[in-house]
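Coordinate inspection notes
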Amino acid sequence: MSEAQTFDILVAGGGMIGSALALGLSRQGWHVGLVEGSGHESLVEAPDSATTVADFEPRVSAISVASQQLLEQLGVWSEVTAGRHCPYQTMTVWDGDGTGRIQFEAAELQARALGTIVENRSIVRSLFRALEQSTVELIDGARITGCKRLPGTYTVELEDGRSLSAGLLVGCDGANSRLRHWVGLPTREWDYDQQAIVCTVKTSQTHRFTAWQRFSTTGPLAFLPLLPESGDEHFCSIVWSQDTGEARRLMALDDTDFVAELERAIERELGSVESISGRFAFPLRQRHAKDYIAPGFALVGDAAHTIHPLAGQGANLGYGDVRALLDELSRAKKAGLSPANELVLARYQRRRKGENLAMMAAMEGFKQLFGRDELSVRWLRNTGLRWLNQMGPVKNRIAAEAMGLTAE
């Protein structure tokens, strides 16, 4: 590749979101470059079968029906589901400090599943296999060290000395996006003072293709169903968000004591925890870019917004960004417009900013509501959960929104 290669669109970041965007743009006929800092060769190799908790990736995503439809349109969902994945038909949510409980059922929405739990690397692997057969030019194992705006184009510098230019530069480089910083798009952000503990467990009872979530004043705990190649229904991925001090205490425990705390926290809904993988913890912080766009530049996914994991909507919001940007750039292509056309980018921002802010506000409201311990608040939220569980149309509308669909 020459030192000054030019693209219509350059996507920075080849994770689940950036690789999907690059693939979709190439299908529209754009000349697309994808810059990924880490090598992807190992990703295209199929993993070994999972027989123990150590064989699963600790980071998973709850892929909504709408996100699944996007991946189907890109032609990769069939490969994702040829590997390990677990559709879940039920979601059970309850208040650990009361009797309020709500249950969502796919059958009530005439749907096969509410969503699908997939290991993140499985999605990335399927996307990169498709990218290898596409017209996308993959600049692999190359870190971007700087960028500058010139009339009508962005130029980025790579650490190996190469330069790449494009009419439109898209930042998909994660929550700590360097491109967002270099371009000068400020964020509103705050620390939740919580950490999310993630690992894989095997339980004595089957998960029953159900996603379980229990709220407590120190944070929510989710058990997300996994399904290995053998069909064993005893594996779950956990995401346990706790106040920082409590998370550090839990991480310091040995496996035996941690398992005892975990069984107590989930109220032994799945029986005893028989085995547990290595644990990881990461801090939770909410970020939202005040603007998603600048001349010749757009932010997508975590680079534009990060959200509390309590509803598992982070990846789905990112795929919502991808759908909207693909739609607007398809219209631009058909109209003979530049991908950096300011009206095209403004429509993308208008479509996504309000929806993302609404979801972020809702998740913050849930966190605050369940984080309060006053008797009156506990009574209100438990009464509300029980009432909502009996209100089929309202409950189903909430479920449809979470699935990315319009309620009938």
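Each chain carries its own residue numbering, running from 1 in the written order of its sequence. Note on the predicted model: pLDDT of at least 70 is required for a residue's local features to be given, and 80 or more for side-chain atom pairs to be given and counted; whole-chain, interface and lining totals, by contrast, use all residues. With hydrogens and water stripped out, all remaining heavy atoms of the structure feed into the side-chain values.

1. Looking at the pattern of salt bridges
We count it as follows: Salt bridges are defined as contacts in which a side-chain nitrogen from Lys or Arg sits within 4 Å of a carboxyl oxygen from Asp or Glu. Helix and strand labels come from DSSP, where a helix needs a run of H or I of at least four residues and a strand needs a run of E of at least two; each type is numbered from the N terminus. For every residue, the accessible area (1.4 Å probe, protein chains only) is compared with the maximum for its type, and the residue is labelled buried under 20%, exposed over 50%, or partly exposed between those bounds.
Applying the stated criterion across every chain, the model contains 23 salt bridges. The closest approach of N and O atoms between Asp 191 and Arg 285, which form a salt bridge, is 3.9 Å. Placement of Asp 191 in strand β12 (residues 187-203) and of Arg 285 in strand β17 (residues 280-289) is noted, with a sequence separation of 94 residues between them. Asp 327 is paired through a salt bridge with Arg 351; the nearest N and O atoms lie 2.6 Å apart. On the criterion of sequence distance, the pair formed by Asp 327 in helix α8 (residues 314-334) and Arg 351 in helix α9 (residues 342-370) is long-range, its members being 24 residues apart. In this structure Arg 351 comes out as partly exposed when scored by relative accessible area, which is 39%. Within the structure, one salt-bridge network assembled from shared partners comprises Asp 327, Glu 328, Arg 331, Arg 347 and Arg 351.

2. Things to note about unusual backbone geometry
The phi torsion at Asp 193 lies on the positive side, around 55°, for a residue other than glycine. Among the secondary structure elements, Asp 193 is positioned in strand β12. Despite not being glycine, Glu 267 shows a phi value in the positive range, around 55°. Assignment of secondary structure puts Glu 267 in the loop between α7 (255-265) and β16 (273-276). Judged by its relative accessible area of 36%, Glu 267 is partly exposed.

3. Re empty space enclosed by the protein
Formally: Two kinds of site are reported from a 1 Å grid over the protein atoms alone, namely cavities, where a 1.4 Å probe fits but cannot get out, and pockets, open sets with protein on both sides within 12 Å along at least five of seven lines, and residues are called lining when an atom falls within 4 Å of a point. Grid points are joined across faces, edges and corners, and a volume is the space filled by probe spheres set on the points. Note on residue categories: nonpolar means Ala, Val, Leu, Ile, Met, Phe, Trp, Tyr, Cys or Pro, charged means Asp, Glu, Lys or Arg, and polar means any other residue, Gly included.
Per the counting criterion, the structure on display carries 1 cavity of 30 Å³ or more. For the largest cavity, the calculated volume is near 40 Å³. Together, Phe 56, Arg 84, His 85, Cys 86, Ile 117, Val 118, Glu 119, Leu 226 and Leu 227 line the largest cavity. A total of 3 residues in the lining of the largest cavity trace back to one element, the largest contributor, which is strand β7 (residues 115-119). Tallied by class, the residues present in the lining of the largest cavity amount to 6 nonpolar, 1 polar and 2 charged.

By themselves, these observations are geometric and do not establish any function.
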